[in-house]
There are 2 protein chains.
Amino acid sequence: MTPFTLHPRLGADSFFVRDLALSQLRLNNVKTVPWLILVPRRPGISDIHQLTGADRALLMEEIAQASRALAALYAPDKINVAALGNIVPQLHVHVIARFATDAAWPDPVWGRVAPEPYEAKAVDEIRKKLDKNDFWN
Amino acid sequence: MTPFTLHPRLGADSFFVRDLALSQLRLNNVKTVPWLILVPRRPGISDIHQLTGADRALLMEEIAQASRALAALYAPDKINVAALGNIVPQLHVHVIARFATDAAWPDPVWGRVAPEPYEAKAVDEIRKKLDKNDFWN
């Protein structure tokens, strides 16, 4: 069995936050909007329907947990959830806090927000806020 | 209890295919890519995490069913799944067959494919292909 390895592009563009039951939770390195990425730790999967039913159920609950965490921390106007993967085929789900005042609103964020990276200190603070058991149980 | 009513914009821009356990399955009226929309028949819900856990489990399985139907009918290179809703707040999930040769690839489709509508005859044919019990059980 091939072990799970994170796609190098995801590794380069986002920060590890914590391992959930199924997915690795990561913070996308774009400071324009609070943007989480869930990467199910299953090798060779590119689309949601390729996961087992049990893994899909876990993924759905992790999407809900990530949404609730963003809602609690940022009080956004909307949560955007998307599994696209046209560029990075490894299955990963974006969970993004959107605001009627953000740079891309009401469009989707891809290609419409500047890929402005976080400062290291800001990343540490956000990870600390996110990495609380209350959000992930 | 408020009954479920389809948002008028979703009604105007897509065609009814069938009612699944949770969601209304619709075909988006954009002929550039095969594009399904799942609308959970629950009033007052805009984000996935606002659904009950039982409804989220149903939604996840309907996403997988829609993905498999598109995979079987169109053999796409990738399935894109997204709940955005920045313009139409009623929760709805896009399930889209993507091809390395399509007009927007590898970008997301929103704002990047011409909203060219289907001819009526084509809609009837696609609905007939989609509306098979095998895909939705």
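Predicted, not measured: the structure shown is a model, and the values here were computed from it.

(A) Examining the sheet that holds strand β2 (residues 23-28) of chain A more closely. One open sheet accounts for 10 strands, arranged β1(A)-β2(A)-β3(A)-β5(A)-β4(A)-β4(B)-β5(B)-β3(B)-β2(B)-β1(B); its pairing is antiparallel. Both outer strands of the open sheet, β1 (14-19) of chain A together with β1 (14-19) of chain B, are each paired with one neighbouring strand and no more. For this sheet the average axis-to-axis angle between neighbouring strands, irrespective of direction, equals 20 degrees. Here β2(A) pairs with strand β3 (residues 35-40) of chain A via five bridges, running antiparallel. Within the sheet, the bridge partner assigned to A:Arg26 lies in β3(A) and is A:Ile37. Sheet strands in contact with helix α2 (residues 53-74) of chain A are β2, β3, β4 (78-83) and β5 (93-98) of chain A, and its direction is about 20 degrees off that of β5(A). Against the sheet, helix α2 (residues 53-74) of chain B touches β2 (23-28), β3 (35-40), β4 (78-83) and β5 (93-98) of chain B, its axis set at about 20 degrees to β5(B).

(B) The arrangement of the nonpolar core in detail. By size, the foremost hydrophobic cluster in this structure holds 60 residues, and its most contacted members are A:Leu36, A:Leu59, A:Val95, B:Leu59 and B:Val95. Setting aside its immediate chain neighbours within four residues, A:Val95 contacts A:Pro34, A:Trp35, A:Leu36, A:Leu38, A:Ile63, A:Ala66, A:Ser67, A:Leu70, A:Ile79, A:Asn80 and A:Val81.

(C) Looking closely at the pattern of salt bridges. In this structure the tally under the stated criterion is 20 salt bridges over all chains. With a closest N to O distance of 2.8 Å, A:Arg56 and B:Glu61 form a salt bridge. Residue A:Arg56 is located in helix α2, and its partner B:Glu61 is located in helix α2; the two belong to separate chains. Notably, a salt bridge pairs A:Lys78 with B:Asp47, separated by 2.4 Å at the nearest N-O pair. Pair noted here: A:Lys78 is in strand β4 and B:Asp47 is in the loop between β3 and α2, and the two residues belong to different chains. The exposure class of A:Lys78 is buried, given its relative accessible area of 5%.

(D) Fine view of the environment of B:Ala71. Of note, B:Ala71 is situated in helix α2. B:Ala71 gets classed as partly exposed once you look at its relative accessible area, which sits at 29%. Counting along the chain gives 12 residues from B:Ala71 to B:Leu59, while the straight-line C-alpha distance between them is 18 Å. Setting aside its immediate chain neighbours within four residues, B:Ala71 contacts A:His49, B:Pro76 and B:Ile79.

(E) Structural view of the packing of α2(A) against α2(B). It is the contact of α2(A) with α2(B), at a shortest axis distance of 9 Å, that shows an interaxial angle of 120 degrees. Accordingly, the angle class assigned to the pair α2(A) and α2(B) is oblique. Here the hand of the crossing between α2(A) and α2(B) comes out right-handed. In this structure, α2(A) uses A:Arg56, A:Leu59, A:Met60, A:Glu61, A:Ala64 and A:Arg68 to contact α2(B), whose residues at the interface are B:Arg56, B:Leu59, B:Met60, B:Glu61, B:Ala64 and B:Arg68. For the contact of α2(A) with α2(B), the per-class residue count stands at six nonpolar, no polar and six charged.

(F) Up close: empty space enclosed by the protein. Tallied over the entire structure, the rule returns two cavities of 30 Å³ or more. As a volume, the largest cavity reaches approximately 80 Å³. For the largest cavity, the lining is made up of 13 residues, of which A:Ile63, A:Val81, B:Ile48, B:Ile63 and B:Val81 are closest to its centre. Breaking the lining of the largest cavity down by element, the ones donating at least two residues are α2 and β4 of chain A together with α2 and β4 of chain B. Counting residues per element, the lining of the largest cavity draws most heavily on β4(A), at three residues.

(G) Just the pairing of β5(A), in detail. All names here are of chain A. Most of β5 is tucked away: six of the six residues are buried. Of the two faces of β5, both are covered, the one formed by Val93, Val95 and Ala97 as well as the one formed by His94, Ile96 and Arg98. Sheet topology note: the β3/β5 ladder contains four bridges and is antiparallel. Residue Leu36 lies in a different strand from β5, and its bridge partner there is Val95. Of the pairings in the sheet, the one linking β4 to β5 comprises five bridges and is antiparallel in character. In the strand pairing of β5, Lys78 is matched with Arg98.

Rules and cut-offs
- Residues numbered from 1 in each chain as written.
- Chains lettered and ligands numbered in written order.
- Predicted model: local features only at pLDDT ≥ 70, side-chain atom pairs only at ≥ 80, totals over all residues.
- Heavy atoms only, no water.
- Pairing = 2+ DSSP bridges.
- Helix = DSSP H or I, 4+ residues; strand = E, 2+ residues; numbered from the N terminus.
- Axes fitted to C-alpha atoms, helices over the stretch in contact; angles between N-to-C directions.
- Contact = heavy atoms within 4.5 Å.
- Core = buried A, V, L, I, M, F, W, Y, C linked by side-chain atoms within 4.5 Å.
- Buried < 20%, exposed > 50% of the residue type's maximum accessible area, 1.4 Å probe, protein only.
- Salt bridge = Lys/Arg side-chain N within 4 Å of Asp/Glu carboxyl O.
- Parallel < 35°, antiparallel > 145°, perpendicular 65-115°, else oblique.
- Left-handed = near helix turned anticlockwise from the far one by under 90°.
- Nonpolar A, V, L, I, M, F, W, Y, C, P; charged D, E, K, R; others polar.
- 1 Å grid on protein atoms, 1.4 Å probe; cavity = no way out; pocket = protein on both sides within 12 Å on 5 of 7 lines; lining within 4 Å.
- Points joined across faces, edges and corners; volume = space filled by probe spheres on them.

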